[in-house]
Amino acid sequence: MFGGNTKPSTPKKTTLTNRALYIDKNPDGALDHLTHAKSLLSQVYYRQNMYVMSAQYCDAKDLNWYLGPIIALTGFASFCGFLASSALISEDSFKRNFVSLLSGFLGVIATTITSLRNSAKYDVKAEMFRGAAGQYRLLATRLEERMRKHRMSMNNEKWETDKEMRENAIQDFNDFFEGQYRVVLTAQSEMKYFPPVAVVRKWKEEKKLLPSEVDQ
C-alpha cells in the first residue's frame with residue numbers, strides 16, 4: 001500500500017464564477033496584486049473617513065468656541081450701541097454711559113475671541129481636512145474602477161490559457177497601483193495639520209473610525 005506509485009493530485013477544474021477564489025488559494029500567489037490593491041483601497045477609505053470626521057470635529061469646535069460667541073457678542077454690542085443713542089435713555093446720563101461702556105466691552109471681547117480664532121485656525125483645518133477627504137474619495141473611485149476592470153479581464157476565457165495576456169494585465173495593474181501609492185504619499189506629505197491624536201484614539205475605541213468594506 002505504501003510502496004505503490006501514486007499519481008500526483010491535480011487541482012479541481014473551476015468555472016469562471018469561482019476562478020478568482022481558486023487562483024487566490026493557489027501557492028503561486030496569482031492574486032497577490034489584487035490583495036495588495038484591496039489593502040490600499042482599505043487604507044484610502046480609512047483616511048477618507050478620518051478626514052471627514054476631523055473636518056466635522058473642527059467645524060463644531062470653531063462654531064461652538066469661536067464663531068458662535070463672536071456673532072452673539074457682536075450682535076449684542078451693536079444693539080447696545082443703538083440703545084445708547086436712542087431716546088429711551090437719552091435723558092439718563094448714567095444709563096447711557098453704562099450702555100456705551102457695555103457695548104465697547106463686548107466689542108473688545110469679540111475682538112479678543114476673533115484673535116484666538118485666527119490663532120487656533122479651526123476653520124482652516126476643517127477646510128483642509130475636507131479637501132483631503134475629497135481627494136481620497138476621488139482616489140477611491142479610481143481604484144474601485146480599476147479593480148472592477150481587472151476583475152472583468154480575469155473573467156475572460158483566455159485568462160487561464162493565455163499566459164502572456166495574464167502577465168501583461170497583472171503588470172499593468174501593479175504599475176497603476178504603484179502610481180496610486182505615490183499619490184497617497186504625496187497627499188500625506190502636503191498635509192500641514194493632523195487630526196488630534198486623542199480624538200482619533202477615542203474614535204477608534206468607540207469603533208467610529210473603521211475602513212469601509214472592500215468587496216470588488
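Going along each chain's sequence as written, the residues are numbered from 1 onward. Restriction of local features to residues with pLDDT of at least 70 applies here, the model being predicted, together with a cutoff of 80 or more for giving and counting side-chain atom pairs; totals for whole chains, interfaces and linings are based on all residues. In computing side-chain values, all of the structure's heavy atoms are included and hydrogens and water are not.

Chemist: Any chance you could break down helix α3 (residues 93-120) for me, citing the residues and the numbers?
Modeler: Numbering of helices and strands runs from the N terminus; a helix is a DSSP stretch of H or I covering at least four residues, while a strand is a stretch of E covering at least two. One less than the number of residues in a helix, times 1.5 Å, gives the span that helix is expected to have. Under the 1.5 Å per step criterion, the end-to-end length of α3 is 41 Å for 28 residues, consistent within 8% with the ideal 40 Å. For every residue, the accessible area obtained with a 1.4 Å probe (protein chains only) is divided by the maximum for its type, and the residue is called buried under 20%, exposed over 50%, and partly exposed between those limits. Within α3, the full set of buried residues consists of Val99, Ser103, Leu106, Ala110, Ile113, Arg117 and Ala120. Any N or O atom pair separated by 3.5 Å or less is treated as a polar contact, with the protein-specific requirement of one donor-capable and one acceptor-capable atom, and with residues adjacent in sequence counted only for side-chain atom pairs. In this structure Asp92 caps α3, since a side-chain oxygen of it lies 3.2 Å from the backbone nitrogen of Phe94. Of the residues flanking the end of α3, it is Lys121, one or two places downstream, whose phi is positive at about 60°.

Chemist: So, the confidence of the model for the chain: which residues are in play, and what are the values?
Modeler: Note: predicted coordinates in regions of low pLDDT should not be interpreted at a detailed level. For every residue, the predictor assigns a confidence score, pLDDT, that lies between 0 and 100. In this model, the chain carries an average pLDDT of 78, and 80% of its residues clear a pLDDT of 70 or more. The least confident element of the chain is helix α1 (residues 19-25), whose mean pLDDT is 37; the most confident is α3, at 93.

Chemist: Lay out the packing of aromatic side chains in plain terms, naming residues and giving numbers.
Modeler: Here is the rule: rings of Phe, Tyr and Trp (six-membered ring for Trp) pair when centre to centre is within 6.5 Å. Planes less than 30 degrees apart are stacked, more than 60 are edge-to-face, and the remainder are tilted. Enumeration over the complete set of coordinates arrives at seven aromatic pairs. Aromatic pair Tyr66 and Tyr122: ring centres 6.2 Å apart, planes at 35°, arrangement tilted. With Tyr66 in helix α2 (residues 32-84) and Tyr122 in helix α4 (residues 122-154), this pair connects stretches of sequence that are 56 residues apart. Overall, the relative accessible area of 13% leaves Tyr66 in the buried class. Within the aromatic cluster, the residues linked to one another by ring pairs are Tyr51, Phe129 and Tyr136. Whether a charge lies above a ring is judged from NZ of Lys or CZ of Arg, which has to be within 6 Å of the ring centre and within 35 degrees of the ring normal. One cation-aromatic arrangement involves Lys125 over Tyr122; the distance from NZ or CZ to the ring centre is 5.5 Å. Positioned above the aromatic ring of Phe176, the side-chain terminus of Arg146 is 5.6 Å from the ring centre.

Chemist: Summarise the packing of α4 against helix α5 (residues 163-189); cite the residues concerned and give the values.
Modeler: The axes used here are C-alpha line fits, helices contributing only the stretch in contact, and every angle between their N-to-C directions lies in the interval 0 to 180 degrees. Where α4 contacts α5, the two axes come as close as 11 Å, and the packing angle between them is 175°. It follows that α4 is roughly antiparallel to α5 by the angle criterion. For the pair α4 and α5, contact is made by Gln135, Tyr136, Leu139, Arg142, Leu143, Arg146, Met147 and His150 and by Ala169, Ile170, Asp172, Phe173, Phe176, Phe177, Gln180, Val183, Val184, Ala187 and Gln188, respectively. In this classification, Asp, Glu, Lys and Arg are treated as charged, Ala, Val, Leu, Ile, Met, Phe, Trp, Tyr, Cys and Pro as nonpolar, and every other residue, Gly included, as polar. Among the residues forming the contact of α4 with α5, the class breakdown is 12 nonpolar, four polar and three charged. When an angle is under 35 degrees it counts as roughly parallel; over 145 it counts as roughly antiparallel; between 65 and 115 it counts as roughly perpendicular; any other value is oblique. Contact criterion: two residues are considered in contact whenever any of their non-hydrogen atoms come within 4.5 Å of each other.

Chemist: Provide a residue-level description of unusual backbone geometry, including the pertinent values.
Modeler: Notably, Lys121 is not glycine yet its phi reads approximately 60°, a positive angle. In this fold, Lys121 is placed in the loop between α3 and α4. Here Lys121 falls in the partly exposed class, since its relative accessible area comes to 35%. You will see that Lys207, though not glycine, has its phi angle at about 60°, which is positive. Structurally, Lys207 is set in the segment after α6 (197-205). Assessed through its relative accessible area of 65%, Lys207 is described here as exposed.

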